[in-house]
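Architecture and fold: a report
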Amino acid sequence: MKIYNLGSLNIDYVYSVEHFVGAGETLASGNMQIFPGGKGLNQSIALSRAGSNVIHGAILGSDGEFLKQIMFDSGVDISRIKSVKHPSGHAIIQVDKSGQNSILLYGGTNREIDREYIEQFLSDANEDDILVLQNEISNLSAAFEIAIEHKMQIAFNPSPFDETIHDLPLQHVKWWFCNETEGEALFGSSNPEEIAESFIQKYHDSNLILTLGEKGCIFKNADTFIRQPIYETVVIDTTAAGDTFTGYFISAVSCGKDIEYALKIASKASSVTVSRKGAAVSIPYNNEISIA
Ligand code: RIB
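What you see as residue numbers is a count from 1 along each chain, following the sequence as written. For this predicted model, a pLDDT threshold of at least 70 governs which residues receive local features, and a threshold of 80 or more governs which side-chain atom pairs are given and counted, while totals over whole chains, interfaces and linings are taken from all residues. Just so you know, side-chain values use all the structure's heavy atoms and leave hydrogens and water out.

Here we come to the nonpolar core. By nonpolar core is meant a set of buried Ala, Val, Leu, Ile, Met, Phe, Trp, Tyr and Cys residues that side-chain atoms within 4.5 Å join together. Exposure categories follow from relative accessible area, calculated using a 1.4 Å probe and restricted to protein chains: below 20% of the type maximum is buried, above 50% is exposed, and the middle band is partly exposed. In this structure, W175 and F249 are the most contacted members of the largest nonpolar core, which totals 41 residues. Mapped by element, the contributors of at least two residues to this core are α1 (39-49), α2 (65-73), β9 (130-134), β11 (173-179), β13 (217-220), α7 (241-254) and α8 (259-274). By definition in these notes, contact holds between two residues if any of their heavy atoms fall within 4.5 Å. Contacts of W175, omitting those with residues within four sequence positions, involve Q153, I154, A155, F156, N207, I209, F219, F249, I250, V253 and I259. Core analysis: the second largest hydrophobic core is formed by 40 residues, I137, I146, F199 and I218 among them. Each helix corresponds to a stretch of at least 4 residues labelled H or I by DSSP, and each strand to a stretch of at least 2 residues labelled E; elements are numbered beginning at the N terminus.

On to the sheet that holds strand β10 (residues 153-157), then. Taken together, eight strands build an open sheet; the order of strands is β4-β1-β9-β10-β11-β12-β13-β14 and the sheet is mixed. Every other strand in the sheet has two partners, leaving β4 (54-57) and β14 (225-228) as the edge strands with one partner each. Across the sheet, the axes of successive neighbouring strands diverge by a mean angle of 15°, strand direction being ignored. Inspection of the sheet shows β10 paired to β11 by three bridges, in the parallel sense. By the bridge assignment for β11, A155 is matched with W175. Relative to the sheet, α1 contacts β1 (3-6), β4, β9 and β10, its axis offset from that of β4 by approximately 170°. Contacts between α7 and the sheet are confined to β1, β9, β10, β11, β12 (207-211) and β13, with β11 contributing the most and set at about 155° to the helix. Here, strands pair whenever DSSP counts at least two bridges between them. To obtain each axis, a line is fitted to C-alpha atoms, and for helices this fit is confined to the stretch in contact; angles are then taken between N-to-C directions over 0 to 180 degrees.

Laid out in structure tokens, this is it:
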């Protein structure tokens, strides 16, 4: 089974702030750092650091060589990333004193992915190979169609959420990764149990992982409901916690581990990520984690 990730690469500009800037407000930040990021990049790095082989698909601008470098150094297959001479995607990230973040995205070359590129990227995909997707790239609907043609398993994080998500053939998603905000937008409730119930009514053959921040997460499918608490840690920066969770969870289930184990290892890995600053650089290697 091969794992493909068609996903964003971003240059993250990270600002330390007292509080998130409000409408009409001008706020001085305490510090600014530039980190590699993007949900796609972070997830591929998490998959690879968890021990899986992952092939990454993306379009990268001339300003983003360091993004490719960290993926390569982490063991991600970057041979299919196409380089162009336009600006890469970037994110303006405010991180407050409690480690929470607020993210503004610029799509850049992430929005240049077209059907032809996706067809080439997935040309050797086989039945049951996994395709990981998020909503930071263009032509998601083509990615879905091509993955369905190849009978792949689709793992989908509908973030950032927008109305175009409803137009996708979501019944083909095997692994859903949502937070409470996305869960509410999709299923019309802010109550996690109600989200899980509405999910299974609609997508009977799928699996939902609903992440709930400091309240841990919920797993729901037709047979199982599991609550997984967080592993307590000092929170420095929550950026990439969800991406770490996705990568570690998919890595575990793809090599036959049970759901309980996948939830635990993904939660533990995320707890390490939030204890460090930055996105991709904060994601742990599997030899840093134990869930004994
Ligand atoms: O999930 C965290 C990521 O979201 C950041 O790295 C940023 O680039 C945005 O894509």
